[in-house]
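# Survey of secondary and tertiary structure
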Amino acid sequence: MTDTMLYIDPGTGSMLFSLIMALATTTVFVGREAFIKLKFLLSGGRARKADSKRIPIVIYSDHKRYWNVFKPVLDEAERRGVDITYYTQSADDPALSEPYAHIKAEFIGEGNRGFARLNFLKADVVLSTTPGLDVYQWKRSRDVGLYVHIPHTADELLGYRMFGMDSYDAVLLTGEFQGGYIRRLEKLRGEKEKDLAVVGSTFLDGMRARLGTSGTHPSAGGRLSVLLAPSWGKDAILSKYGGRILDALLATGFDITIRPHPQTLSSEKDIVGPLQEKYPDTEMLHWNYGNDNFPVLERSDILITDFSGIILEYALIFGKSLIYADTQLDTSPYDAAWIDEPVWRLRILPEIGVRLDEADFPNMRELVENAVRSEAQRRNRERISGEAWQNKGRAAEAVLDYLVAKQQELSHAPEAGVSGGKAS
């Protein structure tokens, strides 16, 4: 009886944590602001002195999978001698084992433990790829001057859960076209305009450099290598087609690799588990869950997917053919729901790939071979690359330039203007 009375389900626990954190944060900051205002008045309104406990630049990563976004920036900071604090919620984040002299990498704990640390952070600038700031457990700290979002994809940035970027003060863009979508959302929601800067893509730059040094990986046994890499959710390939698409692929005689979305491991075990039992690894079929997707992308000759962000990595870096399944993305939970037109990534699909209907399953081999040979789609992929991925090869330098400039601005700001306000 006692055990039952003390049980709190995870959802309720998360809500209680958010409530407690909100109350604690408010109490702490009300007292802190009163002290700051008093000190400001007593000093005659002079600019603030350097705060030894305040961190100039913080990079926050909620998972080690985003190491490819942040590593180029940290490497550039190390090269220039710029001090950066890197917080991660992955205990095995590669940053923790890097022999940096100017980068302080720290594991701040998973889940609520890490968020509690972030919610009381004192820093000038915070860079992160994590959406949902001030929406879920991660709250804005009033002692952070500027929150900067850096994307981990080169699409239109409307695939975040609703309001995912709203509380950021600035967004770094891979291509100028993304800024138009952000401005439309801000206008529709009556929000303050964020600072936007086109810097390029650190992770795409890294992949391109890696492609130039990795050598070639021919298909197994001379067969075409097909990569099936769906997204997750009820509209994704494995949820919609299940074993039917796997049967069609196996009938081609090609080498098949299935790489489910990482979220599948926690959210769709009931879908993927039975499929993996029915279709175990064989000479012609392989399941791939590696943290690094580069080897399977490079080794494959063609990608089959739905609305996954992997489309752009594949098309922009490798320039290879792709087939996209005829699945309908339910945009209602996402920022895309605010835009009354197909999102950019879905609009360009017919230009860079071949559409797949379930009626095409019996002709899968012919469909794959025709897609691999399409010159028109290859030229379109080159054109799209220039639109979505600007400043190629120089993103890390541009990102660090931006962070350093903003930090210097904030470090010379009057004390009364230190705290950043919500960008809405």
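Because the structure is predicted, anything quoted here is derived from the model rather than measured.

### Examining helix α16 (residues 395-411)
Here α16 is 17 residues long and its end C-alpha atoms lie 24 Å apart, about the 24 Å a rise of 1.5 Å per residue gives. Three or more residues of α16 are buried, namely Ala395, Ala396, Ala398, Val399, Leu400, Tyr402, Leu403, Lys406, Gln407 and Leu410.

### Examining helix α12 (residues 310-318)
Side chains that are three or four residues apart share a direction in an α-helix, a result of its 3.6 residues per turn. Burial within α12 is extensive, with nine of its nine residues counted as buried. Where α12 is concerned, the buried positions are Ile310, Ile311, Leu312, Glu313, Tyr314, Ala315, Leu316, Ile317 and Phe318. In the core, the buried residues of α12 are packed alongside α6 (202-211), α11 (294-299), β11 (302-305), β12 (321-325), α13 (344-352) and α15 (375-388).

### Comments concerning the pattern of salt bridges
Counted according to the given criterion, the structure contains 29 salt bridges. Because the salt bridges share partners, they merge into one network encompassing Arg183, Glu186, Glu191, Glu193 and Lys194.

### Some details on the confidence of the model for the protein
Detailed reading of the predicted coordinates is not advisable wherever pLDDT is low. Confidence along the protein averages 85 in pLDDT terms, with 83% of residues attaining 70 or more. Predicted confidence is poor over residues 1-15, with pLDDT under 50, and the contacts of this stretch with residues over four places away or in other chains come to three contacts. A low-confidence stretch, residues 416-424 stays under pLDDT 50, and its non-local contacts, those more than four residues away or across chains, total 26 contacts.

### Thoughts on the environment of Phe203
By the secondary structure assignment, Phe203 is in helix α6. Spatially, the C-alpha atom of Phe203 lies 9.3 Å from that of Glu313, the residues being 110 residues apart in sequence. Once you skip the residues sitting within four places of it in the chain, Phe203 turns out to touch Asn68, Val69, Pro151, His152, Thr153, Ala154 and Glu313.

### Thoughts on the pairing of strand β1 (residues 55-61)
In terms of burial, β1 is a largely internal element, six of the seven residues being buried. Where β1 and strand β4 (residues 123-128) come together, five bridges link them in parallel fashion. Opposite Ile55, over in β4, you have Ala123 as the bridge partner. Regarding topology, helix α3 (residues 67-80) serves as the crossover connection from β1 to the parallel strand β2 (residues 84-88), and that connection is right-handed.

About the thresholds
Residues numbered from 1 in each chain as written. Predicted model: local features only at pLDDT ≥ 70, side-chain atom pairs only at ≥ 80, totals over all residues. Heavy atoms only, no water. Helix = DSSP H or I, 4+ residues; strand = E, 2+ residues; numbered from the N terminus. Expected span 1.5 Å × (residues − 1). Buried < 20%, exposed > 50% of the residue type's maximum accessible area, 1.4 Å probe, protein only. Contact = heavy atoms within 4.5 Å. Salt bridge = Lys/Arg side-chain N within 4 Å of Asp/Glu carboxyl O. pLDDT = per-residue confidence, 0-100. Pairing = 2+ DSSP bridges. Right-handed = clockwise from strand over helix to strand, strands pointing away.

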